[in-house]
Amino acid sequence: MERIYLDNAATTAMDPLVLEAMMPYLTNRFGNPSSIYSYGRESRMGIENARKSVAKLLHAHPAEIFFTSGGTESSNTAITAAVRDLGCKHIISSKIEHHATLHTIDYLHRNGEASLSYVQVLENGHIDLNDLELLLQKSSEKCLVTLMHANNEIGNITNLHIIGTLCKKYDAIFHSDTVQTVGHFPFDLRNTPVDFITGSSHKFHGPKGVGILYINENIKIKPFINGGSQERNMRAGTENLYGIIGFAKALEIASENHESDMKVIQGLKNYMKESIEKNIDGTSFNGDPTGSSLYAVLSVNFQKTDKSEMLLFNLDINNICASGGSACTSGADQGSHVIRALNNDPTKVTVRFSFSKYNTTSEIDQVIEKLKEII
Ligand code: PLP
C-alpha cells in the first residue's frame, strides 16, 4: 500500500511551484541581502517583493510584516514583547493553545513577570466569551489576550472580530496564533482588531523554518534578536532568503486557489466523517466539526479496545500517517493536552486526520478499510 498522508495540520508537502520559485535563490542568486553590490541587491529585492506580496494578500502594510523562523518564534516574540515592552502584566489564554503559546506564558508567569488566567472552554471546544469578558472586566492590570484562531488538534475556529473588539473595549493587547489559518482563509488585517498574528509556511505547502509575525503599525516593541540591521533592526541575522521567497509564493498560490481548494478539502473531511459514522461503531468527534471549524481537521474518538489502543502504531505500520494530537507531542505518551482539557475520557482513543489538496476520496476509502480491520 502506498503511503497515505493524513497529517496535514502537522505539516504539508511542498507545492512544486513553490520549489520552482525558490530554486534561483538556492543556486545562482545567493548574494547576501545586506551586500550593496548587484548580487546583494537582487536578494534584497526578492525579500522586499515577498514582503509586499504577503502584506497585500493579508491586507496589511509591508512595514507590519516581519519574517521569522516560524510560528513558534513569532508567538514567543509577540507574547514576550506584550509583557516586557507593552506593560501587559496579566495574560489571559486557554488550556487548548499550542505549546508555543502555553510554554511561553507559563515561563513568563513562573518568572514572576505576569499573572495568568485561563478562560473557560465550552464542551464543544469553543472559548466561553462571557468568561473572557469577566476576566477582562475583573483585571486590575493591563491584559494580553492570547487565543488561537484555529485549534490545530480539534479544528475549532474563534472569531477574531469578537475577541478583538472585547480586547479594545478593555484596552487589552490581542495576539492570535493564526498558524493554522494563514494560507487557509482570506485575511483582512486592516479591518481586524488584532495586534499580533503569526504564520508558518509549512502549513500551506511552503518550506519549513520560515514564518511571519504581523505587528500592527500602532504597536511598538523592542528588537527580538539583536545584531545586524535585518528586518528593519527588529530581527537580526542573515535572512532565510529562499524560505522567504517560498513563503510568499506558497501564500500567493493558496490565496489564488482558496475557494476551490477549500471546497475539495471540506469535501474530503465530510466524506471521512460520514464514512467513519457509517462503518465504525462507537465513534464520536471532538470540537465542532460541522460548525465553526477548520475544513482540514477531523478529530475522532474511537472506542478503546485491546486492538484500538495501538491504533496510531497500527495505522503507521499500514503506511497511514495520522496523529494523536499536535506533531510536537505525538512522540510523547502523555497524550494530548487539548483532548485532556476537553473530555479526558479514558475509554477513548483519539486520532486527528487532517487533509490537503493532495488527498483523494480513494485514499479515505483505503483508510476506512484498514480502520475496519484494526478496530
Ligand atoms: N501554532 C500552531 C497552532 C501550530 O499548529 C504550530 C505547528 O506546529 C505552531 C504554532 C508552531 O509553528 P512552527 O512549526 O512554524 O514553529
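The structure contained in this document is the topic of the report that follows. (Residues numbered from 1 in each chain as written. Predicted model: local features only at pLDDT ≥ 70, side-chain atom pairs only at ≥ 80, totals over all residues. Heavy atoms only, no water.)

## Quick word on the state of the cysteines
Applying the stated criterion across every chain, the model contains 0 disulfides. In this structure Cys88 is a free cysteine whose sulfur lies 7.5 Å from that of Cys143, the closest cysteine sulfur available. We note that Cys167 lacks a disulfide partner, and the nearest cysteine sulfur, in Cys143, lies 8.4 Å from it. Cys167 sits in the buried class, given a relative accessible area of 1%. (Disulfide = S-S within 2.5 Å. Buried < 20%, exposed > 50% of the residue type's maximum accessible area, 1.4 Å probe, protein only.)

## What to know about helix H4 (residues 99–110)
Here H4 contains 12 residues, and its C-alpha end-to-end distance of 16 Å stays within 8% of the 16 Å for a straight helix at 1.5 Å per residue. If you check which residues of H4 are buried, you get His99, Ala100, Thr101, Leu102, Thr104, Ile105 and Leu108. Each element contacted by the buried residues of H4 is listed here: helix H3 (71–84), strand S3 (90–93), strand S4 (115–118), strand S5 (143–146), strand S6 (173–176) and helix H10 (337–342). Where H4 ends, the next residue or the one after it, Gly112, has phi of about 75°, a positive value. (Helix = DSSP H or I, 4+ residues; strand = E, 2+ residues; numbered from the N terminus. Expected span 1.5 Å × (residues − 1). Contact = heavy atoms within 4.5 Å.)

## Re the packing of aromatic side chains
One pass over the full model with this rule turns up 5 aromatic pairs. With a centroid separation of 4.9 Å and 40° between ring planes, the pair formed by Phe30 and Tyr39 is classed as tilted. The class of Phe30 is exposed, set by a relative accessible area of 55%. Classification of Tyr39 as partly exposed rests on a relative accessible area of 39%. Relative to Tyr295, the ring of Phe185 lies with its centre 5.3 Å away and its plane at 70°, an arrangement referred to as edge-to-face. In this pair, Phe185 is assigned in the loop between S6 and strand S7 (196–200) and Tyr295 in the loop between strand S9 (284–285) and strand S10 (297–303), connecting sequence segments 110 residues apart. Since its relative accessible area comes to 24%, Phe185 is described here as partly exposed. On the accessibility criterion, Tyr295 (4% relative accessible area) is buried. A connected cluster of aromatic rings, assembled from ring pairs, spans Phe67, Phe204 and Phe247. One Lys or Arg, Lys273, reaches over the ring of Phe285 and ends 4.9 Å from the middle of that ring. (Phe/Tyr/Trp six-rings, centres within 6.5 Å; stacked < 30°, edge-to-face > 60°. Lys NZ or Arg CZ within 6 Å of the ring centre and 35° of its normal.)

## Some remarks on empty space enclosed by the protein
Over the atoms rolls a probe the size of a water molecule, and in doing so it shows where empty space is left. Under the counting rule described, the total for this entry stands at 3 cavities of 30 Å³ or more. Put simply, the largest cavity is a space of about 180 Å³. Taken together, the elements giving at least two residues each to the lining of the largest cavity come down to helix H7 (241–256) and helix H8 (258–279). A class-by-class count of the residues in the lining of the largest cavity yields 8 nonpolar, 6 polar and 4 charged. What the second largest cavity holds in volume is close to 60 Å³. In terms of residue class, the lining of the second largest cavity is built from 3 nonpolar, 6 polar and 1 charged. (1 Å grid on protein atoms, 1.4 Å probe; cavity = no way out; pocket = protein on both sides within 12 Å on 5 of 7 lines; lining within 4 Å. Points joined across faces, edges and corners; volume = space filled by probe spheres on them. Nonpolar A, V, L, I, M, F, W, Y, C, P; charged D, E, K, R; others polar.)

## Brief notes about the nonpolar core
Core analysis: the biggest nonpolar cluster contains 44 residues, and Val54, Leu132 and Val145 have the highest contact counts within it. The greatest single-element share of this core, amounting to 9 residues, is contributed by H7. Other than its neighbours up to four places away in sequence, Val54 contacts Ile65, Phe67, Ile212, Phe247, Ala248 and Leu251. One finds Tyr295, Val300, Leu311 and Phe353 within the second-largest nonpolar core, a separate group that totals 26 residues. (Core = buried A, V, L, I, M, F, W, Y, C linked by side-chain atoms within 4.5 Å.)

## Side note on the pairing of strand S8 (residues 211–215)
Within S8, 5 of the 5 residues are buried, leaving the element largely enclosed by the surrounding structure. Residues Gly211, Leu213 and Ile215 point to one face of S8 and Ile212 and Tyr214 to the other, with burial holding for every one of them.

## What about a nonpolar patch on the surface?
Taken together, the side chains of Met14, Leu19, Met23, Leu26 and Tyr242 define a hydrophobic patch exposed on the protein surface, amounting to about 410 Å² of accessible area. Residue contributions to the nonpolar patch peak at 3 residues, all from helix H1 (residues 16–26). For Tyr242, the position within the fold is in helix H7. (Patch = residues over 30% accessible without salt bridge, like charges linked within 9 Å, V, L, I, M, F, W, Y side chains within 5 Å. Areas by Shrake-Rupley, 256 points an atom, 1.4 Å probe, with all protein chains shown as cover. Salt bridge = Lys/Arg side-chain N within 4 Å of Asp/Glu carboxyl O.)

## Focus: the site of the ligand
Taken together, Gly70, Gly71, Thr72, His98, Met148, Asn152, Asp177, Val179, Gln180, Ser200, His202 and Lys203 form the complete shell of residues around the ligand. Separating an oxygen atom of the ligand from a backbone N or O atom of Gly71 is a distance of 2.8 Å. With respect to the ligand, the side chain of Gln180 contributes an N or O atom lying 2.8 Å from an oxygen atom. Its free accessible area being 390 Å², the ligand has 88% of it covered by the protein chains. The residue inventory of the shell around the ligand, partitioned by class, reads 2 nonpolar, 8 polar and 2 charged. (Near = heavy atom within 4 Å. Polar contact = N/O pair within 3.5 Å; in protein donor to acceptor, adjacent residues only side chain to side chain.)

Functional significance is not addressed by these values, which are geometric in nature.
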